[in-house]
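# Coordinate analysis (summary)
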There are 2 protein chains.
Amino acid sequence: MAENQTVRFGIIGCAGIARKVARAIKIAPNSTLYAIASRSIEKAQKFAGNNGLSGTVKTYGSYDQLLDDPCVDAVYMPLPTSLHLHWAVLAAQKKKHLLLEKPTALDVGELDQIVEACESNGVQFMDGSMWLHHPRTAKLKKFISESEHFGQIDIIRSTSTMSVTQEFRESNIRVKPDLDALGALGDLGWYCIGAILWAKDYKLPTVVNALPDVTKNSAGVILSCTASFHWEPLDETVATIHCSFLSHTSMDLAISGCNGSLHCNDYIIPYQEKSASFDFTSGATFVELHIGWNVRPEEVRVISEQPQEALMVEEFARLVKGIMKSGHRPESKWPKISRNTQVVLDAVKKSIDLGCKPVRL
Amino acid sequence: MAENQTVRFGIIGCAGIARKVARAIKIAPNSTLYAIASRSIEKAQKFAGNNGLSGTVKTYGSYDQLLDDPCVDAVYMPLPTSLHLHWAVLAAQKKKHLLLEKPTALDVGELDQIVEACESNGVQFMDGSMWLHHPRTAKLKKFISESEHFGQIDIIRSTSTMSVTQEFRESNIRVKPDLDALGALGDLGWYCIGAILWAKDYKLPTVVNALPDVTKNSAGVILSCTASFHWEPLDETVATIHCSFLSHTSMDLAISGCNGSLHCNDYIIPYQEKSASFDFTSGATFVELHIGWNVRPEEVRVISEQPQEALMVEEFARLVKGIMKSGHRPESKWPKISRNTQVVLDAVKKSIDLGCKPVRL
């Protein structure tokens with residue numbers, strides 16, 4: 001691979017999210033969209049046509065064909081979760097670097113097989129959590145890391161909710177037991193859990209407790225749930241998540257420390273692409289007679305030249321190039337982040353399955 | 001009492017909050033601050049002096065003396081919670097209308113005695129939750145009541161936190177078992193619980209569940225706690241509270257319904273007196289390719305000619321005048337609000353005492 005050569009991506013599966021990532025691959029300077037595979041050639045061609053890719057990308061009518069193409073360096077895989085184990089392991093065995101859509105697997109046992117396959121084949125693994133790549137996220141992290149302005153974290157609250165149709169609740173891929181058996185917990189809760197672990201520097205909670213407001217569809221797939229996380233006995237942080245297909249669109253991240261607090265209400269997908277913000281207060285107290293505050297929330301705005309998904313692709317491709325061109329080892333940070341997220345997600349699921357009993361990690 | 005006569009208030013106890021309410025009584029057009037009582041005449045005189053009240057208010061060196069003054073129509077009582085039962089009942093028996101600081105009592109059994117004394121003596125009862133009287137609160141209520149813009153409530157999250165000194169944690173009145181045995185739950189959690197009940201039109205939850213992150217001081221008084229509320233089986237709302245003396249100042253109220261959501265991060269004490277705001281979104285979804293939102297939060301700003309505590313005093317005095325002048329019956333809404341809040345607060349306390357087991361109401 002020459003210095004100026006870009007990483008050639010193949011997309012396996014034509015889910016809605018693939019359109020967004022196809023665009024991101026086009027935007028990222030070190031990446032090229034090389035091929036698309038669907039279960040039928042017609043679907044792949046239709047996807048190419050609908051996204052202005054006809055003539056510029058190869059189309060395949062099977063995932064195997066794409067994985068057998070030696071020109072494909074890396075694979076973006078937005079398949080239903082139940083298909084991840086098979087296709088992700090196969091992709092790794094075919095030496096394709098793997099950008100895997102979240103939730104990464106049905107459970108951590110499956111994810112471990114995927115990550116092991118990536119490791120033993122020397123390919124990069126990363127999950128598709130785009131928000132981690134937004135420059136605002138780095139700014140948020142900087143803010144909560146400053147002991148003077150923020151201090152030890154007291155509480156983290158994160159939500160990821162959206163309102164779906166009655167039909168979606170019963171029959172969409174994302175709530176079908178044989179396709180995305182984790183339902184709202186996998187699709188939306190992944191972000192809530194990820195945000196909490198991110199805030200806690202990926203320190204796993206010791207206790208995970210689903211709260212008794214679980215809603216499932218007729219097939220038993222989670223449509224809505226809430227959980228709390230605890231880092232007993234020494235760490236006093238408490239965190240709550242709420243993910244739901246039954247609520248208005250929200251993606252709130254609120255964190256309070258002993259010296260400051262912040263609110264970000266679009267942490268997963270910023271309201272707009274080019275700039276994103278969050279509010280913080282630090283050193284807040286009341287004025288004389290407690291008739292007001294000494295400070296008001298300050299808005300921090302962060303410009304992003306590129307969409308967060310393009311930054312994700314760029315970072316992934318940078319690592320891939322490092323491996324392919326310079327013989328670097330794959331970056332282990334990304335599979336670790338995914339694994340901890342999956343471990344906590346499994347614990348929430350287990351707590352729900354136990355009738356909302358606490359689960360110790 | 002003549003048409004233009006104002007309600008004459010006596011204040012029993014010279015707590016810090018009494019200064020704020022003394023000012024509010026001065027501001028409210030239908031109220032006059034008539035007398036102040038402390039346990040010593042020196043303290044009462046000092047309070048009067050420090051607050052520019054010397055010569056304009058009577059000062060008493062005992063609570064009994066103030067309650068025996070026939071010119072006192074109504075009493076504002078910011079005493080430590082453990083003293084409420086005795087002095088509030090006595091005030092009612094002396095036919096004084098009662099504006100009682102929160103938490104209203106150590107438990108609902110005590111509160112019932114106080115409310116019963118008020119009822120049998122025909123005097124008005126109201127607790128000192130000022131935020132309920134801010135015009136913003138009415139605006140918030142209107143917003144969450146609109147089914148088209150908001151819809152059924154999915155989740156309510158409320159916090160009330162402040163950071164106190166190590167000395168406060170061990171020895172302040174608000175965390176002394178013989179004075180304010182309810183600690184942060186009584187002082188701050190009262191608001192969180194009140195906000196949730198307010199949002200739910202005072203419908204009591206069926207299950208109250210303290211989460212296992214309770215922190216107590218060496219005397220066993222709660223410094224920090226978290227709880228969830230559920231309205232099983234038919235009502236899918238979930239609510240969480242977090243109150244803490246160990247965290248940065250916060251007072252967040254976030255409510256999501258199926259069609260809209262709102263955020264108010266200064267719901268208990270607005271950032272400034274004259275105007276207050278909240279943010280809402282309604283009908284939010286993602287734009288094409290999910291690269292942004294179709295709407296952004298809209299700020300609703302509400303002007304308040306008077307501070308919320310003056311509006312509270314004015315409303316209380318209006319009811320008192322109606323009773324004294326027109327022979328109205330006391331308004332039963334206010335003791336009911338207090339009672340429901342106290343019932344839920346008791347349940348959180350019980351859940352904590354049971355080792356964070358769910359409590360059914």
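Residues numbered from 1 in each chain as written. Chains lettered and ligands numbered in written order. Predicted model: local features only at pLDDT ≥ 70, side-chain atom pairs only at ≥ 80, totals over all residues. Heavy atoms only, no water.

Along its length, chain A carries ten helices and 17 strands. Burial analysis of chain A (361 residues in total) assigns 61% to the buried set. In chain A, of all internal contacts separated by at least 6 residues, the share reaching a separation of at least 24 is 69%. Carbon and sulfur atoms make up 51% of the accessible area of chain A, which amounts to about 13,500 Å² in all. Treating the 38 positive side-chain charges of chain A as one cloud and the 40 negative ones as another, the clouds have centres 4 Å apart. (Helix = DSSP H or I, 4+ residues; strand = E, 2+ residues; numbered from the N terminus. Buried < 20%, exposed > 50% of the residue type's maximum accessible area, 1.4 Å probe, protein only. Contact = heavy atoms within 4.5 Å. Areas by Shrake-Rupley, 256 points an atom, 1.4 Å probe, with all protein chains shown as cover. Lys, Arg positive; Asp, Glu negative; His and termini not counted. Charge placed at Lys NZ, Arg CZ, Asp CG, Glu CD.)

Okay, the sheet that holds strand β6 (residues 125-127) of chain A next. Residue and element names in this part refer to chain A. Here we have six strands laid out as an open sheet, ordered β3-β2-β1-β4-β5-β6, and parallel in their pairing. With one partner strand each, in any of the chains shown, β3 (58-60) and β6 form the two edges of the open sheet. Direction aside, the axes of adjacent strands within the sheet are offset by 25° on average. Strand direction decides the pairing type here: strand β5 (residues 97-100) and β6, joined by three bridges, are parallel. (Pairing = 2+ DSSP bridges. Axes fitted to C-alpha atoms, helices over the stretch in contact; angles between N-to-C directions.)

Residue and element names in this part refer to chain A. Each assigned domain of chain A is listed with its residue range as follows: domain 1 (7-129) and domain 2 (131-308 + 342-360). Here domain 1 and domain 2 have C-alpha centroids that lie 27 Å from each other. With 19 residues of domain 1 in contact, the opposing surface of domain 2 contributes 20 residues. Buried surface at the junction of domain 1 and domain 2, summed over both partners, amounts to about 1,600 Å²; 55% is from carbon and sulfur atoms. Contact with domain 2 buries area across many residues of domain 1, yet K102, P103 and S129 alone supply 34% of it, more than any other trio. For the pair domain 1 and domain 2, the number of links is two salt bridges. (Domains from an automatic or database assignment. Buried area = accessible area lost by both parts, 1.4 Å probe. Salt bridge = Lys/Arg side-chain N within 4 Å of Asp/Glu carboxyl O.)

Let us now look at the interface of chain B and chain A. Counting residues at the interface gives 60 residues for chain B, matched by 60 residues for chain A. For the pair chain B and chain A, the summed buried area comes to about 5,100 Å², and 58% of that belongs to carbon and sulfur atoms. On the chain B side of the contact with chain A, H248, Y271 and W293 of chain B bury the most area, a combined 16% of that side's loss. Counting the contacts that link chain B with chain A gives 34 residue pairs in polar contact (both at pLDDT 80 or more). Elements that contribute at least two residues to the side of chain B that touches chain A include exactly α1 (16-27), β7 (153-163), β10 (222-231), β11 (235-244), β12 (246-250), β13 (253-257), β14 (260-264) and β15 (275-282) of chain B. Residue contributions to the side of chain B that touches chain A peak at six residues, all from β7 of chain B. Among the residues making up the side of chain B that touches chain A, the classes are represented as 17 nonpolar, 29 polar and 14 charged. (Polar contact = N/O pair within 3.5 Å; in protein donor to acceptor, adjacent residues only side chain to side chain. Nonpolar A, V, L, I, M, F, W, Y, C, P; charged D, E, K, R; others polar.)

Let us look at the sheet that holds strand β1 (residues 7-12) of chain B. All names here are of chain B. Taken together, six strands build an open sheet; the order of strands is β3-β2-β1-β4-β5-β6 and the sheet is parallel. Every other strand in the sheet has two partners, leaving β3 (58-60) and β6 (125-127) as the edge strands with one partner each. Across the sheet, the mean angle separating the axes of adjacent strands is 25° when strand polarity is ignored. Strand direction decides the pairing type here: β1 and strand β4 (residues 74-77), joined by three bridges, are parallel. Following the sheet pairing, G10 is matched in β4 by V75.

This next bit is on the packing of helix α8 (residues 183-199) of chain B against helix α10 (residues 333-353) of chain B. Residue and element names in this part refer to chain B. Contact geometry of α8 with α10 gives a least axis separation of 9 Å together with a crossing angle of 120°. Classified by the angle their axes make, α8 and α10 are oblique. Pair α8 / α10 crosses with right-handed handedness. Contacts between α8 and α10 involve L185, G186, W190, I193, G194 and L197 from the former and S338, N340, T341, Q342, V344, L345, V348 and K349 from the latter. Of the residues assigned to the contact of α8 with α10, the class counts are seven nonpolar, six polar and one charged. (Parallel < 35°, antiparallel > 145°, perpendicular 65-115°, else oblique. Left-handed = near helix turned anticlockwise from the far one by under 90°.)

Rotating chain B by 180° about the axis while translating it 0.0 Å along that axis superimposes it on chain A, leaving an RMSD of 0.0 Å. In short, the pair behaves as if placed about a two-fold rotation axis. When the interface residues of chain B are mapped onto chain A, 100% of them again lie at the interface, so the same face is used by both copies. (Least-squares fit on C-alpha atoms with pLDDT ≥ 70 in both.)

Under the feature "domain: Gfo/Idh/MocA-like oxidoreductase N-terminal" (unreviewed entry), the UniProt entry names residues 7-126 of chain A. Annotation note: span residues 7-126 of chain A, helix share 42%, strand share 22%, distance between end C-alpha atoms 15 Å. (UniProt positions renumbered as here; feature names shortened; annotations may be inferred.)

Turning our attention to helix α1 (residues 16-27) of chain A. All buried positions along α1 of chain A are accounted for by A18, K20, V21, A22, A24 and I25 of chain A. On its buried side, α1 of chain A packs onto β1 (7-12), β2 (31-37), α2 (41-50), β4 (74-77) and α9 (308-326) of chain A.

Applying the stated criterion across every chain, the model contains 20 aromatic pairs over all chains. Ring geometry for W131 of chain A and Y267 of chain A: centres 5.3 Å apart, planes at 90°, overall edge-to-face. Pair noted here: W131 of chain A is in the loop between β6 and α6 (135-145) and Y267 of chain A is in the loop between β14 (260-264) and β15 (275-282), with a separation of 136 residues, a long-range link. Taken together, F143, F150, F278 and F280 of chain A form an aromatic cluster joined through their ring pairs. A cation over an aromatic ring shows up here: K200 of chain B above the ring of W231 of chain B, its NZ or CZ 5.1 Å from the ring centre. (Phe/Tyr/Trp six-rings, centres within 6.5 Å; stacked < 30°, edge-to-face > 60°. Lys NZ or Arg CZ within 6 Å of the ring centre and 35° of its normal.)

Under the defined criterion, the tally for this structure stands at 38 salt bridges over all chains. When the shortest N-O distance is used, the salt bridge between E146 of chain A and K142 of chain A registers 3.4 Å. With relative accessibility at 27%, the residue E146 of chain A sits in the partly exposed group. Ionic pairing is found between D187 of chain B and K102 of chain B, a salt bridge with its closest N-O pair at 3.3 Å. Here D187 of chain B, found in helix α8, pairs with K102 of chain B, found in the loop between β5 (97-100) and α5 (108-120); they are 85 residues apart in sequence, far enough to count as distant. For K102 of chain B, a relative accessible area of 8% gives the class buried. Connected through shared salt-bridge partners, R23, E273 and E309 of chain A make up one network.

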